[in-house]
Amino acid sequence: MLAASSTSHPSLDPAILILGGQSYPLPVLEGSEGERAIDISKLRDQTGHITLDPGYGNTGSCTSAITFIDGEQGILRYRGIPIEQFADNTTFTEVAWLLIFGHLPSEAEYEEFSRDLTRFAYLDEGMKHQFEGFPRNAPPMAILSAMINALSCFHPELHELEDVDQFRHAAARLISKIRTIAAYAFRHSRGLPYIYPDPALRYVPNFLHMMFSQPYQQYLCPSLVRKAMNLILILHADHEQNCSTSTVRMVGSSGANLFASCAAGVCALWGPLHGGANVEVLEMLERIHQGNISAEEYVKLAKDKSSKVRLMGFGHRVYKNFDPRAQMLQKVAEELIPLISGDDPLLDIARRLEDIARSDPYFIERNLYPNVDFYSGILLRAIGIPTNMFTVMFAIGRLPGWIAHWWEQHQAAGGRIARPRQIYTGNRQTDYLRLESRGAA
Ligand code: CMC
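Residues numbered from 1 in each chain as written. Predicted model: local features only at pLDDT ≥ 70, side-chain atom pairs only at ≥ 80, totals over all residues. Heavy atoms only, no water.

Trainee: Which residues make up the overall build of the chain, and what are the values?
Mentor: Along the backbone of the chain there are 17 helices and seven strands. With the C-alpha coordinates aligned to their principal axes, the bounding extent of the chain is approximately 80 × 65 × 55 Å. Within the chain, buried positions represent 47% of all 441 residues. In the chain, the proportion of contacts linking residues at least 24 apart, taken out of those at least 6 apart, comes to 70%. (Helix = DSSP H or I, 4+ residues; strand = E, 2+ residues; numbered from the N terminus. Buried < 20%, exposed > 50% of the residue type's maximum accessible area, 1.4 Å probe, protein only. Contact = heavy atoms within 4.5 Å.)

Trainee: Could you give an account of the site of the ligand, naming the residues involved and the relevant values?
Mentor: Lining the immediate surroundings of the ligand are 21 residues, of which His-274, Arg-310, Leu-311, Arg-317 and Tyr-362 lie closest. Side-chain polar atom of Arg-317 to an oxygen atom of the ligand: 2.8 Å apart, as the coordinates give it. The side chain of Arg-366 places a nitrogen or oxygen atom 3.0 Å from an oxygen atom of the ligand. In isolation the ligand offers 930 Å² of accessible surface; the protein chains occlude 75% of this area. (Near = heavy atom within 4 Å. Polar contact = N/O pair within 3.5 Å; in protein donor to acceptor, adjacent residues only side chain to side chain. Areas by Shrake-Rupley, 256 points an atom, 1.4 Å probe, with all protein chains shown as cover.)

Trainee: Got a sec to walk through helix H12 (residues 295-303)? Specific residues and values, please.
Mentor: Of the residues making up H12, those classed as buried are Ala-295, Tyr-298, Val-299 and Ala-302. Along the axis of H12, the buried residues cluster in a sector spanning 95°; they form a single face. At its buried positions, H12 is contacted by helix H11 (277-289), helix H14 (345-358) and helix H15 (361-365). (Arc of directions from axis to C-beta.)

Trainee: Quick rundown of H11? Include the residues and the values.
Mentor: For H11, spanning 13 residues, the distance from its first C-alpha to its last is 18 Å, which sits close to the expected 18 Å at 1.5 Å a residue. All buried positions along H11 are accounted for by Ala-277, Asn-278, Val-279, Val-281, Leu-282, Met-284, Leu-285 and Ile-288. Positive phi shows up at Gly-291, right after H11, with a value of about 85°. (Expected span 1.5 Å × (residues − 1).)

Trainee: With reference to specific residues and values, describe the packing of helix H2 (residues 92-101) against helix H17 (residues 390-411).
Mentor: Two elements in contact, H2 and H17, have axes whose closest approach is 8 Å; the angle formed by their N-to-C orientations is 20°. Our classification of the angle between H2 and H17 gives roughly parallel. Read as a crossing pair, H2 and H17 show a hand that is right-handed. Between H2 and H17, the residues in contact are Phe-92, Ala-96, Leu-99 and Ile-100 and Ile-396, Gly-397, Pro-400, Gly-401, Ile-403, Ala-404 and Trp-407, respectively. When the residues that make up the contact of H2 with H17 are grouped by side-chain class, the tally is nine nonpolar, two polar and no charged. (Axes fitted to C-alpha atoms, helices over the stretch in contact; angles between N-to-C directions. Parallel < 35°, antiparallel > 145°, perpendicular 65-115°, else oblique. Left-handed = near helix turned anticlockwise from the far one by under 90°. Nonpolar A, V, L, I, M, F, W, Y, C, P; charged D, E, K, R; others polar.)

Trainee: Lay out the confidence of the model for the chain with the relevant residues and their values.
Mentor: This prediction gives the chain a mean pLDDT of 93; 98% of its residues lie at or above 70. Note on residues 1-6: pLDDT under 50 across the span, and 17 contacts to partners over four residues away in sequence or across chains. (pLDDT = per-residue confidence, 0-100.)

Trainee: Any chance you could break down the side chain of Asp-373 for me, citing the residues and the numbers?
Mentor: Within the element layout of this structure, Asp-373 appears in helix H16 (residues 372-383). Nearest to the buried, unbridged Asp-373 among oppositely charged side chains is Arg-325, at 6.8 Å. The residues contacting Asp-373, other than those within four sequence positions of it, are His-236, His-274, Gly-275, Ala-277, Asn-278, Val-281, Gly-313 and Phe-394. (Lys, Arg positive; Asp, Glu negative; His and termini not counted. Salt bridge = Lys/Arg side-chain N within 4 Å of Asp/Glu carboxyl O.)

Trainee: An account of unusual backbone geometry is requested, with residue identities and associated values reported.
Mentor: In this structure, Arg-79 takes a positive phi of about 50° despite not being glycine. Residue position: Arg-79 is located in the loop between strand E6 (75-78) and strand E7 (81-82). Even without being glycine, Asn-367 reaches a positive phi, approximately 55°. Using a relative accessible area of 29% as the deciding quantity, one classes Asn-367 as partly exposed.

Trainee: Explain the pattern of salt bridges residue by residue, including any values.
Mentor: Scanning the entire structure with this criterion turns up 18 salt bridges. Arg-202 is the partner of Glu-111 in a salt bridge, and the nearest nitrogen-oxygen pair spans 3.2 Å. With Glu-111 in helix H3 (residues 107-119) and Arg-202 in the loop between helix H6 (164-190) and helix H7 (203-212), this residue pair connects regions lying 91 residues apart in the sequence. Owing to a relative accessible area of 42%, Arg-202 belongs among the partly exposed residues under this scheme. The salt bridge involving Arg-119 is made with Asp-116; its shortest N-O contact spans 3.0 Å.

Dropping the structure here:
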């Protein structure tokens, strides 16, 4: 599955596969940070065999120049820049540009992109009627996915994105409108009037304005809140081939348009093992806070395989050491929550759970550390975001990553539709029986 590309290193010895007494040399590729892969793209043609890797833990699906993770050392870099360097005075808009276009924007590029985000924030009035059709208690992630998909009905001119200017406008439209859709989904769930975007406001304050302003009272975004929200979005902005990004690439590989591909990404993100974990974390902390279960009992339950309970916000497929995003979010939560909303008992519970888990052999042996979802919910709650909108916030943050990957794949030479194989384990050939000949069940 790993497409041969310029990362192939001529001096690397091939891997030798011995199968049925025959040996097959397989090229070895090396990425710019030294990660190596065996190129098996010709394996079936040469040997009649495929590889089997459920969950894709050992399968590279593409080469990519967007994000680098070293899970053993807890390193995360966007376009080469360590995530820690975005902690102060960086905006989500700037990071979105960096991920999508590959370099930090110049002042002119930044201003133009910001202007596009402002002018594209409105939704076609026809889309507002679509919101009315959803029940009040509809999950906001379902609305988000449906409405992102609906954007393709309103912008058919953006189905074919062949030049970079067209793509830049489509990307700005989507990044801008996702926050309007998210805010409208929330307003609809509360039966509140929709608040139009305010062209005088930047990305984060404008989103919070659409969420929290009233027709008779403008929400004023405190600078601490703006800072915390920018950081939350930045830390979620990309994470290479995670489930939702791989979904976006998979759907995009069929030639599906940007909106349809990102709508599919929202659906993948929704699951509790992926972006939906931030909701589960908060529900877990609430249960402990309400005294339904103690932190110790919860950890015990999470270790018991028959319980199907997991310590939510813990563990990661790639990080076998700390998740740098969790560390940064914890630090910001500790600093800002007392200033934004006063002391939060859930923060104390989170700290306690972390202490218990990190001194427990079960979690130590399996390298299970807090992940990005462990502290993000507590911070979002302090900002006033309701729990059922947490995963929507993750989606707003992850969108630039999805767009960057969709575009990278769209532009790559020789792209093929993503189409894994399987090992069939069902019936051998069997004959069809007419209904009357089948007897009683
Ligand atoms: N609580 C208890 N046990 C766990 C947990 C957990 N949170 N996570 C993993 N394990 C155990 C698992 O039972 C298995 O044990 P054993 O080897 O005895 O069978 C071992 O650790 C390895 O787990 P795995 O399920 O094979 O690991 P994975 O790489 O397939 O799954 C994960 C990664 C994130 C889905 C998983 O750790 C998990 O379910 N965590 C809780 C949900 C969560 O917080 N998800 C957010 C992930 S980060 C943000 C994002 O990607 O959206």
